[in-house]
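The residues making up each chain are set out below.
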Amino acid sequence: MAANGTEAWSLIKRHQIDFVICAWNLLPEMSGLVLLKVVRADAAFSTTPFMLVVDEITKAQVIAAGEAGVTDIIIRPFNRDTFKRKVDSTLRGEDDPEAIESKKMYDQGQELMKQGKYDEALTSFKRILNLHESAEVYYNLGYIKTAQGKYEEAIAAFRKATQINNAFAKAYQKMGEVYAKLGREDEAQQCLELAAEIYMEKNMDENAEQIYMQALQMNPKTLNVYNSLGILYRRQNKFGEALKMYRKARRVNPYDENIFYNMARVYLSLNNLTEAAKCLARAIELNGDFSEARQLLKSIRLGETIK
C-alpha cells in the first residue's frame, strides 16, 4: 500500500513488484495515469502489469491510458468475481508464450549491449519488433545506433520510442544529445527542454535540473530554460536560486511579463511585498491584459499575501 504517488514509485523501485493496481484520481502529488507513465519510462518496469481503477471513464481516457501502456482498466463498483477475473486474465497474459519469448530476447539484448556486442543486440531487439512494438526496444536501438555513430538512424529510433510513449523523457534527452552531435542545436534544445519538462511533471527535479544545465551549456541565452529553472527552484523553496534564474531570464528578454510575474511569486514567498508589487506593476505595464498579475497586485494592496 502507498499513501501517494511518490511513495508508490519508491516502493515499486525498491521491491520486486509483480502487479500494480492504482486509482486514476485518488493519489496525491500525481495521478494514477502519471504514475503509469513514470513506471513505463523505466525499462526495468516496461512490462510490469499495471491496472488502473476508475469510477467512470471516457473514450479519451481509454486512449490516453492505452498509449501510456496500461495493462487493464477496471471500473468501480466491481465485485470480487469481476476483480478476480481481471487479475487472472492479466496474469495469464504474463504466461503467454509470445510474452515470455519477448522478455527472453529483451534480456538477451540488454546483456549483449553491456558486452558491447551491438550487432548481436540489434538482432535480438529487432526480433521483438517482429512480435510487437515497444518504446523501450526502440530506445535501445537508438542507443546502439548512437554508439555506432549512425546518428540519423538513432534519431529515427528515439522518435519512434517517443511516438509510442510520449512521456519517455530519457528518449527525448538522448535524441537531443544526438541532434547536438550533428550540430542541429535548435532541435537539440527542443528535445532537451521537453525531456526536462516531463521530469518536472514527474517531480524528478534532479533529472530536470541536470538536463536544463545541459541545455544552457549549449545556449546560455535561452529564456525558457532560465524561467523553468526558476520555477523548479521556487517549488523547492530555494528562493535565492530562483531569483537568480529569473534575473538571468530578464537579461535575455526584459520585456517578458511572465518573468516579472514569476519573480513576484518568489518575493511573496519571501514576504517582500514591496518588491512583489513592483514586479507585478511591471508585468501589467508590459501586458495590460495580464489578469492574474492584476489580481495578485490587488491582493497585495488589500494587505493579503497569496503564495
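The present account deals with the structure reproduced in this document. Residue numbers run consecutively from 1 along every chain, following the written order of its sequence. Given that this is a predicted model, residues contribute local features only at a pLDDT of at least 70 and side-chain atom pairs are listed and counted only at 80 or more, while totals for whole chains, interfaces and linings are drawn from all residues. In computing side-chain properties, one takes all heavy atoms of the structure into account and sets aside hydrogens as well as water.

**What about the pairing of strand β1 (residues 20-23)?**
Next, step 1: For two strands to pair, DSSP has to find at least two bridges joining them. Numbering goes from the N terminus for both helices and strands, where a helix is a DSSP run of H or I of at least four residues and a strand is a run of E of at least two. Direction of pairing for β1 relative to strand β2 (residues 50-54): parallel, over a ladder of four bridges. If you follow alanine 23 over to β2, its bridge partner there is valine 53.
Next, step 2: By convention a crossover is right-handed if, when the strands point away from the viewer, the path from the first strand over the helix to the second runs clockwise. Handedness of the β-α-β unit built from β1, helix α2 (residues 32-40) and β2 comes out right-handed.

**Focus on the pairing of β2**
Regular strands have side chains that alternate between both faces of the sheet.
Next, step 1: Most of β2 sits inside the fold, with five of its five residues counted as buried.
Next, step 2: Exposed residues in this analysis have more than 50% of their type's maximum accessible area, buried residues have under 20%, and partly exposed residues fall in between, with area computed by a 1.4 Å probe over protein chains only. With burial as the criterion, each face of β2 is covered, one bearing Phe50, Leu52 and Val54 and the other bearing Met51 and Val53.
Next, step 3: Handedness of the β2-helix α3 (residues 59-68)-strand β3 (residues 72-75) crossover: right-handed.

**Quick look at the packing of helix α6 (residues 118-131) against helix α7 (residues 135-147)**
Next, step 1: For helices, the axis comes from a line fit to the C-alpha atoms of the stretch in contact; other axes are also lines fit to C-alpha atoms, and the angle between any two N-to-C directions lies between 0 and 180 degrees. Between α6 and α7, the least distance of the axes is 10 Å, while the angle of their chain directions is 155°. Considered as vectors, α6 and α7 are oriented roughly antiparallel to each other. As α6 packs across α7, the resulting crossing turns out to be left-handed. Residues Tyr118, Ala121, Leu122, Phe125, Lys126, Ile128 and Leu129 of α6 pack against Val137, Tyr138, Asn140, Leu141, Ile144, Lys145 and Ala147 of α7. Should an angle fall under 35 degrees it is taken as roughly parallel, and over 145 as roughly antiparallel, whereas 65 to 115 is taken as roughly perpendicular and any remaining angle as oblique. Here a crossing is taken to be left-handed if its near helix is turned anticlockwise relative to the far helix by less than a right angle, and right-handed if that turn runs clockwise. Any two residues having at least one pair of non-hydrogen atoms within 4.5 Å are treated as being in contact.

**Description of the side chain of asparagine 4**
Next, step 1: For asparagine 4, the location among the structural elements is in the segment before α1 (5-14).
Next, step 2: In this structure asparagine 4 comes out as buried when scored by relative accessible area, which is 18%.
Next, step 3: Within polar-contact distance, the side chain of asparagine 4 engages the backbone nitrogen of threonine 6 at 3.2 Å.
Next, step 4: A distance of 2.8 Å separates a polar side-chain atom of asparagine 4 from the backbone nitrogen of glutamate 7.
Next, step 5: The contact partners of asparagine 4, leaving out residues within four places of it in the chain, are Leu27, Pro28 and Glu29. Identification of polar contacts relies on pairs of N or O atoms within 3.5 Å, with a donor-acceptor requirement for protein atoms, meaning one able to donate a hydrogen and the other able to accept it, and with residues adjacent in sequence counted only if both atoms are side-chain atoms.

**Looking at the environment of methionine 175**
Next, step 1: In this structure, methionine 175 sits in helix α9 (residues 169-181).
Next, step 2: Sequence-wise, methionine 175 and alanine 157 are 18 residues apart; in three dimensions their C-alpha atoms are separated by 8.9 Å.
Next, step 3: Residues within four places of methionine 175 in sequence aside, it is in contact with Ile155, Phe158, Arg159, Thr162 and Cys191.

**A short note on α2**
Next, step 1: Of all nine residues in α2, seven are buried, a share of seventy percent or more.
Next, step 2: Restricting attention to buried positions, one finds in α2 the residues Gly32, Leu33, Leu35, Leu36, Val38, Val39 and Arg40.
Next, step 3: Residues of α2 that are buried in the fold lie against α1, β1, β2, α3 and α7.

**Some words on the side chain of asparagine 262**
Next, step 1: Relative to the helices and strands, asparagine 262 resides in helix α14 (residues 257-269).
Next, step 2: Apart from the residues within four sequence positions on either side, asparagine 262 is in contact with Asn227 and Tyr246.

**Structural notes on the sheet that holds β3**
Next, step 1: The sheet built from three strands is open, its strands ordered β1-β2-β3 with parallel pairing. In the strand order of this sheet, the two ends are held by β1 and β3, each with one partner. In this sheet, neighbouring strand axes are inclined to one another by 25° on average, regardless of whether the strands run parallel or antiparallel.

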